[in-house]
Structures are given as structure tokens and as C-alpha cells.
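# Coordinate inspection notes
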Amino acid sequence: MTATRRGFLLRSAGATLAATTVSRAALAGLPELASHDSAATAPPLPPANGPHYNPVVTLNGWTLPWRMRDSVKEFHLVAEPVVREMAPGFTARLWGYNGQSPGPTIEVVEGDKVRLFVTNRLPERTSVHWHGQRLPNGMDGVSGLTQPAIEPGRTFVYEFVARRPGTFMYHPHADEMVQMAMGMMGFWVTHPRTPSPAIAAVDRDYVFLLNAYDVTPGAGVPKTSTMTDFNLWSWNSRIFPGIAPLVARQHERVRIRVGNLSMTNHPIHLHGHEMQVTGTDGGATPPASRWPEVTVDIAVGQMRQLEFVAEAEGDWALHCHKAHHTMNAMGHDVPNMIGVDQRDLVEKLRALVPGYMAMGGNGMADMTDMAMMPGPPNTAPMMGGDGPYGALEMGGMFSVVKVRRDQPSGDYRDPGWYRAPAGTTAWEWTGELPAEASRATPAPRDDTTVRATKPDGPAMPMEH
Ligand SMILES: [Cu+2]
């Protein structure tokens with residue numbers, strides 16, 4: 001939901017969220033303030049003016065509208081405390097922009113003159129660095145080095161020409177450790193003025209940031225001094241099963257732009273297809289330099305454009321290959337109990353702690369069956385998400401690329417789970433090799449999780 005500035009002011013009048021009030025006078029003359037209060041994936045924002053391009057889709061995010069003033073594209077970013085639903089049932093109190101963390105995606109065209117108003121509603125000073133852009137030194141947003149910091153309640157103006165097409169990010173260069181650990185970051189895409197072999201037109205163009213938080217189960221505010229042992233590994237401040245699927249029609253060309261603003265690298269792995277890195281932080285890769293990959297490591301501070309043709313129908317996992325990064329709310333100093341007979345121990349402990357249950361003796365998958373193993377309120381399940389054949393036993397940096405023959409082009413709605421053709425799903429051995437045609441296809445365990453595409457529904461938002 002995009003709210004107008006009027007709605008925003010009305011809402012914030014009674015809200016305790018905003019740490020700093022900004023007077024009406026200070027907002028005078030600024031572009032209408034757009035704000036989002038939902039973590040649903042917003043439909044792509046087609047350009048209202050200027051050259052046409054196929055707009056990007058920000059997973060569980062949205063694109064910032066702009067206004068034109070004398071051929072300058074004007075945007076208004078507001079740095080402020082936000083409440084982010086990281087997964088259904090689990091919210092975190094973060095800092096971000098315009099109502100969400102990450103902030104909205106900024107989308108422009110090569111050669112655009114861009115003016116960005118940045119209002120600071122945080123309790124401390126900030127700045128915005130336009131990561132990867134060619135710009136005048138004084139617009140680079142490093143507080144203390146290229147500009148004074150933006151004090152609470154103040155608005156600064158950044159202005160430059162988006163000279164290089166490609167994939168970019170924005171984030172503070174002021175109290176960085178705290179502000180980035182709190183979720184302050186956003187995506188920026190500059191489309192080429194004319195497509196070229198190096199920057200081909202694609203049918204779907206998805207963007208997300210890799211980030212991570214350390215939120216004590218039951219608490220809502222991240223610990224900002226954590227250096228490596230994060231417990232929530234997220235894409236756009238969402239964790240599986242809260243991450244929207246990436247939907248494509250079979251044979252479509254799909255681009256996924258990924259930026260890493262966490263504290264470690266993430267090998268992003270796609271099932272069932274080969275992809276190429278068509279762009280890096282520095283721009284498009286020359287086509288002759290590309291090679292196929294199924295896993296692309298994305299280092300801290302880097303952006304990568306991954307592209308593939310969605311040739312194979314199905315529900316294909318897309319995830320970070322560091323296994324600890326596909327878990328939620330995980331403590332990492334857990335003893336290994338695999339193979340340990342805990343029966344004696346359980347008896348003794350039950351005398352002291354009624355209802356005590358032993359865990360981990362056969363691995364940790366039991367955790368998914370103990371959905372009810374209640375953590376404190378507002379705790380993300382360690383592994384969550386039900387698939388058509390059972391628990392997915394995944395969390396964190398995990399989503400699904402859903403390739404469908406009948407997905408209408410331009411339709412980003414979740415088509416539900418894939419129904420494999422008979423005889424094409426792994427089956428249980430019964431002692432004999434059956435004829436291909438008579439292989440049993442395991443039945444999805446719950447038909448309610450297998451939703452059919454509703455072609456008469458609204459053309460857009462995928463609620464997830
Ligand atoms: Cu990772």
C-alpha cells in the first residue's frame with residue numbers, strides 16, 4: 001500500500017515510531033512522501049515518463065515513485081525506525097526508509113538527472129552513500145569526508161546524473177555498523193538507454209539484498225554489535241518461509257540482481273538450470289567472458305546480475321549454500337547429540353523439569369515437527385515452510401523459482417505448488433522396477449497447499 005504524505009503525517013501523529021519529528025515547513029516543496037506498511041511484493045512500477053523499460057520486481061519490497069521537475073527525476077527518501085514483518089508471525093523493529101527495511105528500490109534510466117531528498121527521522125545522524133555510482137565526489141555520501149552528516153530532523157539533497165547502467169545499492173556512511181545492522185539499505189537499478197548484447201532485455205527482472213540480523217528469540221531489536229554469529233539470514237529483511245517465490249513462464253529469460261550488505265559472503269545456488277553472471281558491481285560483463293554456473297558466490301559489498309532461461313517447469317530451490325544460512329533463530333553453540341542415547345538423562349531431567357524432551361539424537365529435522373516447541377512469543381521457527389510433500393526443513397536465505405508453462409507473461413502471482421507429471425517424481429522402492437507408466441507418483445500430502453492459478457484474479461501482487 002502506498003500511502004500519501006497526508007496519510008503518513010496522520011499516521012505518525014499518533015505513532016511512537018518516529019524518533020524525530022519533521023515539521024511541515026521542513027517538508028514543504030518536497031516530493032510527495034511515499035511509504036509502505038506491508039512486506040508483500042509490490043507489482044513492478046512501469047515508467048510514467050521517459051524511455052520505456054521492463055521494470056524490476058523487488059522481492060517483498062517496492063519501487064519508489066518519483067516526480068519530474070524540469071527534466072529532473074525527484075525522489076524522497078526518509079530514514080526512520082520501521083516495523084518489518086520478517087516472516088508471518090515474526091516482526092523486528094528495524095531502521096529503514098519510507099516505512100520498510102530495506103528501503104524502496106530506486107529505478108532510473110542511464111543519463112537521467114536525479115535529485116534525491118533525504119529526510120532524517122532517526123534518533124541519530126545519518127547520510128546516504130550511492131554504492132557503485134559514478135558521481136561528483138561531494139554527492140558520495142560519506143559523512144565527515146564528503147559532507148556533514150544529516151542531523152535528526154534535517155533534509156539533505158543529493159543530485160547527480162545516473163551515468164552508468166547497472167545494478168547498485170544505497171546505504172548510510174554514518175555509524176555504519178549500527179545503521180546497517182538495523183536494516184538501513186536499499187537497491188538501485190539504472191536501465192540502459194538502449195539495450196545492447198551486453199545488457200539484453202529480459203522478461204523478468206528480480207532484485208534482492210542479502211542481509212542478516214541477530215535478534216534474541218522473543219526480542220524485536222537486532223543486536224548491533226554482532227560481528228559474525230547472526231541468527232537471521234535474510235533476503236530483503238525476510239526469512240523463509242516469508243520470502244516470496246520468483247515466478248516465471250517457461251522459456252522466459254530471467255534476471256536476478258543480488259547485492260550483499262551482510263557481514264559474510266553467500267554462495268547463491270539455483271537448482272535445475274545454469275545461470276551466467278551478466279553483470280557485476282562494475283557493470284555488464286562482456287558476453288564473451290561469461291561461463292555457466294549453478295552457484296555464484298557473492299562477497300560483501302558486491303552486486304551480481306544472474307541470468308538464465310527458465311527452461312524447466314517445476315519448483316526449483318534458490319538458496320544460499322551455507323547450510324547455517326538456511327536456518328532461522330539458530331544458536332550456534334548447540335552440542336551435537338547425534339547418536340547419543342538420552343533416555344537415562346531424560347528420566348532424571350523430567351523429575352526436575354516436567355515435560356522435558358530430548359532433542360537432536362537423530363538430527364534436527366524433528367524440530368520442524370515440534371512446531372509447537374514454543375519459543376518466546378515473536379520467535380521465528382528455526383526451519384519452516386510446508387511443501388506439498390511435507391516440511392521443507394529450511395529457513396533463512398531460501399526461496400523457490402516457480403517455472404510454469406501456463407504462467408501468463410507479466411503475471412507475478414504465486415501459481416501454487418508444482419504438480420509433477422505422473423511417473424516423474426522419486427518413488428519408494430518396493431522390490432521391483434515398475435514400468436515407467438505404472439510408477440506411483442507420491443500424492444501431495446495436503447491438497448489445500450496445492451493452489452491452482454486463478455487466471456481471473458488481479459494481475460498482480462503476490463502475497464506471501
Ligand atoms: Cu549465506
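Residues numbered from 1 in each chain as written. Predicted model: local features only at pLDDT ≥ 70, side-chain atom pairs only at ≥ 80, totals over all residues. Heavy atoms only, no water.

### Points about the coordination of the copper ion
Geometry sets the ideal angles at a metal, namely 109.5 degrees for four tetrahedral donors and 90 or 180 degrees for six octahedral donors. The copper ion binds to the protein through His-266 (ND1), Cys-320 (SG) and His-325 (ND1), with metal-donor distances spanning 2.0 Å. In primary-sequence terms, the residues that donate to the copper ion follow H-x53-C-x4-H. Placement of His-266 in strand E17 (residues 266-270) and of Cys-320 in strand E22 (residues 314-320) is noted, with a sequence separation of 54 residues between them. Cys-320 matches His-266 in its accessibility class, with the two residues each being buried. (Donors = N, O, S within 2.8 Å, 3.2 Å for Na, K, Ca; no water. Helix = DSSP H or I, 4+ residues; strand = E, 2+ residues; numbered from the N terminus. Buried < 20%, exposed > 50% of the residue type's maximum accessible area, 1.4 Å probe, protein only.)

### Let's talk about the layout of surface pockets
Taken as a whole, the second largest pocket holds about 430 Å³ of empty space. Those elements that provide at least two residues to the lining of the second largest pocket are E22 and strand E25 (398-404). No other element matches E22, which puts four residues into the lining of the second largest pocket. Here the lining of the second largest pocket is composed, by residue class, of eleven nonpolar, four polar and two charged. (1 Å grid on protein atoms, 1.4 Å probe; cavity = no way out; pocket = protein on both sides within 12 Å on 5 of 7 lines; lining within 4 Å. Points joined across faces, edges and corners; volume = space filled by probe spheres on them. Nonpolar A, V, L, I, M, F, W, Y, C, P; charged D, E, K, R; others polar.)

### What to know about the side chain of Asp-411
The residue Asp-411 is located in the segment after E25 in this model. A polar contact of 2.4 Å, which involves the side chain of Asp-411, links it to the side chain of Arg-413. (Polar contact = N/O pair within 3.5 Å; in protein donor to acceptor, adjacent residues only side chain to side chain.)

### Some points on the sheet that holds E25
The five strands lie next to each other as E15-E25-E22-E17-E20, forming an open sheet whose pairing is mixed. Of all strands in the sheet, those bounded by a partner on one side alone are strand E15 (246-249) and strand E20 (295-298). Recorded for the sheet is a direction-independent mean angle of 20° between the axes of neighbouring strands. Across four bridges, the pairing between E15 and E25 is parallel. (Pairing = 2+ DSSP bridges. Axes fitted to C-alpha atoms, helices over the stretch in contact; angles between N-to-C directions.)

### Regarding the nonpolar core
Ranked by internal contacts, the top residues of the largest apolar core, which has 32 residues, are Leu-59, Tyr-206, Leu-210, Trp-235, Ile-256, Phe-308 and Leu-318. Here this core gets four residues from one element, more than from any other, and that element is strand E13 (residues 204-213). (Core = buried A, V, L, I, M, F, W, Y, C linked by side-chain atoms within 4.5 Å.)

### Looking at the confidence of the model for the protein
For the protein, the mean per-residue pLDDT works out to 86, and 82% of the residues sit at or above 70. Scored below 50 in pLDDT, residues 1-16 makes 25 contacts in the model with residues more than four places away or belonging to other chains. Segment residues 447-464: pLDDT under 50, and 51 contacts once partners within four positions in sequence are set aside and those in other chains are kept. (pLDDT = per-residue confidence, 0-100. Contact = heavy atoms within 4.5 Å.)

### Details of the pattern of salt bridges
Scanning the entire structure with this criterion turns up 20 salt bridges. One salt bridge in this structure joins Glu-74 and Arg-69, with 3.1 Å as the shortest N-O distance. By relative accessible area, which is 0% here, Glu-74 ends up buried. A salt bridge links Asp-414 to Lys-402; the nearest nitrogen and oxygen atoms lie 2.9 Å apart. One end of the pair, Asp-414, is in the segment after E25; the other, Lys-402, is in strand E25, with twelve residues separating them in the sequence. (Salt bridge = Lys/Arg side-chain N within 4 Å of Asp/Glu carboxyl O.)

### Focus: the environment of Val-72
Mapped onto the elements of the fold, Val-72 is located in strand E5 (residues 72-87). Considered as a pair, Val-72 and Val-114 are 42 residues apart in the sequence and their alpha carbons are 5.6 Å apart. Those residues within four positions of Val-72 in sequence are excluded, and the remaining contacts are Arg-67, Lys-113, Val-114 and Arg-115.

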